[in-house]
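# Architecture and fold: a report
One-letter residues, chain by chain:
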Amino acid sequence: MSSLLETRDVTVRYRQDGPAAVAGASARIDAGEALGIVGESGSGKSTFAKVLAGVLAPSGGEVQVKGRRWQEVKRRDPIRRTVQMIFQDPYGALNPWMSARETVAEVFRFWERQSRAQAVEQAEALLAEMGLSKGAMARRPGELSGGQCQRVGIARALACSPDVLIADEPTSALDVSVQAQILNILVGLRETRGLAIVLISHDLAVVRYVSENALVMYAGQVVERGPTADLLGSPWHPYTKILMDAIPGGTGDLKPVRNEIGDGHPCCFAARCPRLQADCQSLSEEAGPREGDRVAHCMHPLPERSEQIEQRAQ
Amino acid sequence: MKLGLRSRGSRGRKRSIALWCGVGLFVAVVLLSILVPIFSAYGPNQLVAKPFQAPSASHLFGTDALGRDLFVRVWAGGRLDLAIAFIVVGISFLVGTLIGIATGASHRRWLDSLVMRFIDALIAFPFLVLILALIVVVGRDRSAWVLPAGAPAIIIAILLIDWSIYGRLARGETLSLRSRDFVTAGQMIGYPQRRIVSRHLLPGVMRITAAYAVADVILVIVATASLSFLGAGVQAPTAEWGSIMYEGRTVLANAWWVSVIPGVVLAFTGLAVGLIADALLNVER
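Residues numbered from 1 in each chain as written. Chains lettered and ligands numbered in written order. Predicted model: local features only at pLDDT ≥ 70, side-chain atom pairs only at ≥ 80, totals over all residues.

For chain B, the helix and strand inventory stands at 9 helices and 0 strands. Its helices and strands in sequence order give chain B the pattern α-α-α-α-α-α-α-α-α, from N to C terminus. Reported as C-alpha extents along the three principal axes, the dimensions of chain B are approximately 75 × 60 × 30 Å. Long-range pairs, those at least 24 residues apart, make up 67% of the contacts in chain B with a sequence separation of at least 6. (Helix = DSSP H or I, 4+ residues; strand = E, 2+ residues; numbered from the N terminus. Contact = placed C-beta atoms within 7 Å.)

So, in structure tokens, the structure goes:
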């Protein structure tokens, strides 16, 4: 499998002397893969998504798309089409003065240099594939429902023939009945078009449904990653466990993110960690359990993990 | 639910009625200003009757101190005031919107800061004082093309200040729009900056500046009339609403119509423009 998108030690600071919104995050997205990024509000998921999408230049580290550095890709370089994004706010993501048809047709006219009639024809076919009626295609975002707007956003992204679709909380602003439809569209696109999908969400059930791999972010850092089923089935990192326990009906008590980076402790979760011990001070990049693609950045993973590690050591 | 829909519909109908009243009134003022001086039996500066004749069937608005027909003078004055307003507002709208959107969309921070500080400085000065100073610099006796003496100075002076309001509005709206997701989506698709500005930012910015332009028409008319009233605007004997009111100020007790009638016409024009602008802004919301 070839790597489509890859980040190494990405750091993002909105102000030069300010805290890091993303601190040393690394990820790799292969062709056809579905990767979920989870974490609570303020954990840096959306900022990381913007870095992956190439709309935000990182303060440090490197982002590569098909082996080329994002920073070196010019605005009109065709490789820009490779990565497209679906936004959280379906209305804000569309030009309020353009109809659904015009929004999608504009992409075909721009990239394929098609005539207006050809572009409209292709746009209508794509919108119909997304389940939009002829009548809805002529309407502007203000006259469409949230679900319809999200479908137009997906069609616009698909008009670029991308290899990776980054979906930043695509269902959080939608009605529950529409959420499943949009998620099914994403899953269907992966199967029919072989698209890689990066799904950013705070909803663990959504991530479990769409993606086979997941990253857990806390205070801008990736604290655990691995296959979604394993990661959510038996979390290693204490934060992943707390995140799962915070699902309504669970027993957890999730407090908001406090930026602990820069307080001198090598673990970003130290201030809230129930398993904090003196030797956590020696936490390094390489520290923590690893098993195949699964990694947790923790000196004292959950008990079942410690036992497994000890068993393996023996 | 029904109540909500009915009340929203009723609000919409009221807005629509207000808009059409405004449009009707404004069109009437524009048509009278164009047609009366053309089809009238006498010119605006022609002495046609005895001085200070009260409004009557033969002279609908009465006559002034020299015996000139005020009906013709008021509408001839309206033509000049409207012409000045359309020229000033049209140019200010175009120049201000383009400068505002260019600075707002520019990634060069220094350019944005430079233009905005200049605009801040312009707006910080008292409006009328600055215009009076500019009129002195341009020369209030200067005439140009079909414009009578005093009019070019007013146009240039108001233009030099007025574009800055449009510039500030356009820049603010551009900054607000460029942070929206649909602009980010355009950048991700690979649209060049020129296309994003012209197709994605300009329509939204122009809606705001165009709505202000409608309201600005009456502000410019009032400014023109005020300058003429102060003696710094259009020179006698050219008919202009402000100058006609100025001529009647000393005889207000005996010949009220000389000052009051052009004042009422100006007020009705303001009302018409206000109704249109209000309806347009409500559509925006």
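This next bit is on the overall build of chain A. Counting secondary structure elements, chain A contains 10 helices and 12 strands. Its C-alpha atoms give chain A a radius of gyration of 21 Å, near enough to 20 Å, the size a compact globule of 314 residues would have. By principal-axis analysis of the C-alpha atoms, chain A measures approximately 70 × 45 × 35 Å. Taking all 314 residues of chain A together, the buried fraction comes to 46%. Across chain A, every contact between residues at least 6 apart in sequence was considered, and the portion connecting residues at least 24 apart equals 65%. (Rg over C-alpha atoms; globule rule 2.2 N^0.38 Å. Buried ≥ 20, exposed ≤ 12 C-beta atoms within 10 Å, placed from the backbone.)

Next up on the list: the environment of B:Ala213. Residues and elements named next belong to chain B. Note on placement: Ala213 falls in helix H7 (residues 193-229). For the pair Ala213 and Ser92, spaced 121 residues apart in sequence, the C-alpha separation works out to 8.6 Å. Excluding residues within four positions of it along the chain, Ala213 makes contact with Val89 and Phe93.

Once that is clear, we can look at the nonpolar core. Judged by nonpolar contacts, the single largest core of 166 residues is most densely connected at A:Val104, A:Leu127, A:Ile166, A:Ile197 and A:Val198. Here this core gets 16 residues from one element, more than from any other, and that element is H7(B). Among all residues touching A:Ile197, those that are not within four sequence positions of it are A:Ala34, A:Leu165, A:Ala167, A:Leu186, A:Arg190, A:Val210 and A:Ser211. (Core = buried A, V, L, I, M, F, W, Y, C linked by C-beta atoms within 7 Å.)

Quick look at helix H5 (residues 151-178) of chain B now. Between its terminal C-alpha atoms H5(B) stretches 39 Å, which fits the 40 Å expected from 28 residues at 1.5 Å a residue. Helix geometry: H5(B) is bent most strongly at B:Leu159, by close to 35 degrees. (Expected span 1.5 Å × (residues − 1). Bend = angle between axes of the 7 residues up to and from the residue.)

Right, let's talk about the sheet that holds strand S8 (residues 196-201) of chain A for a bit. All names here are of chain A. Taken together, the 8 strands give an open sheet; going across it, the order is S6-S7-S8-S3-S9-S10-S12-S11, and neighbouring strands pair in mixed fashion. Each having just a single partner strand, strand S6 (83-86) and strand S11 (290-291) make up the two edges of the open sheet. Two strands pair when backbone bridges link them, and strand S3 (residues 34-38) and strand S9 (residues 213-218) are joined in this way by 4 bridges, in the parallel orientation. If you follow Ile37 over to S9, its bridge partner there is Leu215. (Pairing = 2+ DSSP bridges.)

Okay, the interface of chain A and chain B next. In this complex, chain A contributes 19 residues to the contact, which on the side of chain B involves 14 residues. Counting residues per element, the ones that place at least two in the side of chain A that touches chain B are S6 and helix H2 (100-111) of chain A. Grouping the amino acids of the side of chain A that touches chain B by side-chain chemistry returns 10 nonpolar, 3 polar and 6 charged. (Nonpolar A, V, L, I, M, F, W, Y, C, P; charged D, E, K, R; others polar.)

On to unusual backbone geometry. All names here are of chain A. Even without glycine at this site, Asp9 takes up a positive phi of about 50 degrees. Here Asp9 is to be found in strand S1 (residues 3-13). Of note in the backbone geometry, Arg113 takes a positive phi value of approximately 55 degrees without being a glycine. Summarising the element assignment, Arg113 is placed in the loop between H2 and helix H3 (116-129). Note on Arg113: 9 C-beta atoms within 10 Å, which makes it exposed.

Glancing now at the sheet that holds S1(A). Within a sheet, adjacent strands bond to each other through the backbone by hydrogen bonds, running parallel or antiparallel. Residues and elements named next belong to chain A. Spatial ordering of the open sheet is given by S2-S1-S4-S5, a layout of 4 strands whose pairing is antiparallel. At either margin of the open sheet sits one strand with a lone partner, and together these are strand S2 (20-30) and strand S5 (68-69). Strand contacts of helix H1 (residues 45-53): S1, S2 and strand S4 (60-65), with the helix running at about 130 degrees to S1, the strand carrying the most contacts. (Axes fitted to C-alpha atoms, helices over the stretch in contact; angles between N-to-C directions.)

What follows is about the environment of B:Val95. Residue and element names in this part refer to chain B. Take Val95: it is sitting in helix H2 (residues 70-105). Exposure remark for Val95: the 16 C-beta atoms within 10 Å place this residue in the partly exposed category. Separated by 72 residues in sequence, Val95 and Gly167 have C-alpha atoms that sit 7.7 Å apart.

Let us now look at the pairing of S4(A). All names here are of chain A. For S1 and S4, the ladder comprises 5 bridges, and the chain directions are antiparallel. Considered in S4, the bridge of Glu6 is made with Gln64. Between S4 and the antiparallel strand that follows it, S5, lie 2 residues; Lys66 among them carries a positive phi value of about 50 degrees.

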